[in-house]
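Overview (structure and organization)
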Amino acid sequence: MTAVESFQHGVVNDPDRGYVIHELPTVDPDRRITGRDKPRADAGAKVTGRAIYGTDLARAGMLHAKVLRSPHAHARIVSIDAAAARRVPGVKAVLTRAEAVGLQPYGTMVKDQPTVAMDTVRYVGDIVAAVAAVDERTALEALDFIDVQYEILPAVFDVDDALAEGAPVIHPEPPLGVVPGYGDGASAVLRPRDNVPYEFRYRTGDPAAWQRCDHIFTDTFYFSRMNHMHLEPFVTVAEASDDEIEVWTSTQSPFNLRKELSRIFSLPENRIRVHVPLLGGGFGAKNGPKADPVAIRLSQLCGGRPVRFAMTTEEVFLTVSQHAAKLVVRSGVTSDGTFVARESLVLLNGGAYAEHSPPVAEKAGYRMPGAYRWDHIDSVCQVVTTNTVPAGAMRGFGGTQATWASERQVDLIAERLGLDPYALRVRNFKALGEEFVPGESGIDSDLDEGLRVVADAIGYHQRSPADSTGPLRRGMGVAVGVKDGGGINKPAMARVKVTSKGDVILNCALTEMGQGGHSAMCQLVADILHTRTERVTYARIDTDNTPFDQGTNASSGVAVMGQAVRNAAETLRRQVLEWSGDQFGFDPARAELDDWTVRGDGGDPHPLFPRIMEIFGNTGFEFSADGFYKARNDHRAPLEAPCVFWEIGWAAAEVEVDVETGCVKVLQLAVSGDAGKVISKIGCRGQDEGAAIFGLAQALFEEMRYEDGELLNAEALLYRVPLAEDIPERFTSITQEQGHGAGPFGAKGMGEGGMLPVAPAIAQAIADATGAQLTELPMTPERVYRAIRRSGEPQ
């Protein structure tokens, strides 16, 4: 049995490697539910159209909202006249800055975004006014009657222009902000200069390390801006008065949203209730307020009548995006390729408002060392404000930007030193268990093994030298991406209840947005309680009744919420067995549950339902238990608490490049992630493959294109995403089970790692084929063609 096969079968016990697979305790392997391909709990409802999403919700007497957006990138609002709009039949309320007085601005760590523009619009698409009417057609008609007079102001659209001397200051008054506590080596500062609302820095090791370097290389890389392209738009239905708010909304983080709404509307959190239906995709975009403040304020203006604000796909483009970035990386190495020192400056284009940019800056800066060992690290990441769409959380959360620059420079260093890119990586990889940086948790995957898996999958080591004749050239590349997973200092709570008949209700705030999280959690509970998955139901999320969670993000579902769910289920199991021991006279420590029958150490079955009804009467009883999980705090850890787990993705690619046109065809793509221990087998595969396609999109296709501040491709028909025909014919995903995760039974989170290495692997494959080294995304035919010409390819 090979190492990979043993990983996949969960039987590794290798003292030389120093790790052991965590086997699922107390579960008969023949009856195990976790780790198998099981139908998803929501599959039937989704494929038949019975599933209810936010866009499907309707309330009695519901009104519909539409918003007026700024046509200018930067302008002062001279006046707004909405009188004619208010007179349109069917219009029930109009929201302008006059009706927004007293509402507080919002944002994750820097509070600078208003519900509607007050004095200034800061990007094309900024919300200026909103209308609630009996239907969307009437609301749209009323928008045409709102007269807004603007005074155009100078604008800046990229990070260099925004940081240039004399650049217009987009937020003249410093907004309210907060810097969280950091541990050793990490620090941050608010507004170190104009148009920079947040700067993060991480430094460790002795700068004298630079003196030991035989070579020092400085390179600049550019990362493109992507739209999340979730199929369901931002949508909220709100019923609100001045004293109470209730919303049904498409959000990944209901409790964070409740907290932010409490601040915006100056209401106690116990007067705000957030319901979360199924989400039609999120990918990070559905964190924080989106459609919510407008819908809530309009409902208040309508006397509490429900208001639905569902954005169009085009409006989603104008609401939030991924960060474009400029990354300058300086690395020092010895002649044999040993890495010594790295410093970097990451400039994130944060758009007009801070949104989730500060925590993304933390992660982008912190992850710049990559998978490698360095004696000295000095990383700075600045959020730069521009007159473009606000940028926020997106799958990979700063890791995509950092991995692109880090891995690309590794390939450039290999070329300059005449070394094999694969061997250079292996020489400098951190070992299993080695701290990522001082005070941080250890790397919990074998990096060498993972890279070998994907390289073997495409035949990387058997590749032939590039054919320099003819227009079509082939090449191969590999890359690895590393990101800390599980969130920063993240708590999670869960509750499990069992009825008299043994029907199980799981109650926690992990949102279902297509990743299969609800099914995985139900499988976990079913295994622990030794019952069938169809007997476990996931309760609807409602902040009044659902236990607290920080949010469904950072791939935290299995590793963080999964531990809270496991703790709740195991506590409940103990309760049931202890109660049963008292009732039937056996030792609960030697008993087990079997589908709501308990067996003592003698093996005799004792059905629980008759005894429960006998003891508690005709109303029966519910057993209930709560679970909690949080990583410990440790000031030695740079980001408040040690990383819960390391989400690692490996990729290998083979491409065919037409040197006459720059067209790139991906012939093979192999990706792999380490699940630690699989909970839902098909779910893990889906997460890795979905992430890989995101990476393919970033590599070759997706880019939000601006011209003079206007987004040119802000609609689905103009925005190029991968099509079925773009998927490589040989597309392989390999789920490893190395077993070292902090989640249940050694599980780790998945869903983001597979995105990180794809673009740099394809870039190196292009370089292997043509000699052209790409430093900007996406690698369009035009950019590839120009890079080939710069590399000296014959005309």
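See the structure above.
Cut-offs applied
- Residues numbered from 1 in each chain as written.
- Predicted model: local features only at pLDDT ≥ 70, side-chain atom pairs only at ≥ 80, totals over all residues.
- Heavy atoms only, no water.
- Helix = DSSP H or I, 4+ residues; strand = E, 2+ residues; numbered from the N terminus.
- Rg over C-alpha atoms; globule rule 2.2 N^0.38 Å.
- Buried < 20%, exposed > 50% of the residue type's maximum accessible area, 1.4 Å probe, protein only.
- Contact = heavy atoms within 4.5 Å.
- Lys, Arg positive; Asp, Glu negative; His and termini not counted.
- Charge placed at Lys NZ, Arg CZ, Asp CG, Glu CD.
- Polar contact = N/O pair within 3.5 Å; in protein donor to acceptor, adjacent residues only side chain to side chain.
- Axes fitted to C-alpha atoms, helices over the stretch in contact; angles between N-to-C directions.
- Parallel < 35°, antiparallel > 145°, perpendicular 65-115°, else oblique.
- Left-handed = near helix turned anticlockwise from the far one by under 90°.
- Phe/Tyr/Trp six-rings, centres within 6.5 Å; stacked < 30°, edge-to-face > 60°.
- Pairing = 2+ DSSP bridges.

Things to note about the overall build of the protein
A tally of helices and strands in the protein yields 18 helices and 34 strands. Expected size for 795 residues packed as a compact globule is a radius of gyration near 28 Å; at 27 Å, the protein falls within 12% of this value. Expressed along its principal axes, the backbone C-alpha trace of the protein runs to roughly 85 × 75 × 50 Å. Burial statistics for the protein: of 795 residues in total, 62% are counted as buried. Intrachain contacts of the protein at a sequence separation of at least 6 include 79% that bridge at least 24 residues. Distance between charge centroids for the protein: 2 Å, based on 80 positive and 106 negative side chains.

With respect to the side chain of His-376
Along the polypeptide, His-376 turns up in strand β20 (residues 376-385). For His-376, a relative accessible area of 2% translates into the label buried. A distance of 3.0 Å separates the side chain of His-376 from the backbone oxygen of Thr-204, its partner in a polar contact. In terms of polar contacts, His-376 uses its side chain to reach the backbone carbonyl oxygen of Gly-205, at 3.3 Å.

Some words on the packing of helix α13 (residues 517-529) against helix α14 (residues 557-584)
The contact between α13 and α14 brings their axes to 9 Å, and the two run at 30°. With respect to α14, the axis of α13 lies roughly parallel. For α13 against α14, the interelement crossing comes out right-handed. Across the interface between the two elements, Met-521, Leu-524, Val-525, Ile-528 and Leu-529 of α13 pack against Gly-557, Val-558, Met-561, Gly-562, Val-565, Arg-566, Ala-569, Glu-570, Leu-572 and Arg-573 of α14.

Comments concerning the packing of aromatic side chains
Inspection of every chain in the model, using the stated rule, returns 18 aromatic pairs. Relative to Tyr-719, the ring of Phe-317 has its centre 5.2 Å away and its plane inclined at 70°; by these criteria the two rings are edge-to-face. Placement of the pair is Phe-317 in helix α8 (residues 313-317) and Tyr-719 in the loop between β33 (710-711) and β34 (730-736), with a sequence separation of 402 residues. As far as burial versus exposure is concerned, Phe-317 and Tyr-719 are alike and both buried. Here the aromatic rings of Phe-339 and Tyr-372 are separated by 5.4 Å at their centres, their planes lie at 80°, and the arrangement is edge-to-face.

Things to note about unusual backbone geometry
Residues Leu-777 and Pro-778 are joined by a peptide bond in cis, for which omega reads -10°. A positive phi is found at Arg-191, a non-glycine position, where the angle reads about 45°. With respect to the secondary-structure elements, Arg-191 resides in strand β11 (residues 186-193). Owing to a relative accessible area of 24%, Arg-191 belongs among the partly exposed residues under this scheme.

Focus on the sheet that holds strand β26 (residues 592-593)
The strand order across the open sheet built from 3 strands is β26-β27-β28, with neighbouring strands paired in antiparallel fashion. With one partner strand each, in any of the chains shown, β26 and β28 (605-607) form the two edges of the open sheet. Contacting β26, β27 (597-599) and β28, helix α15 (residues 608-616) runs over the sheet at an angle of about 50° to β28.

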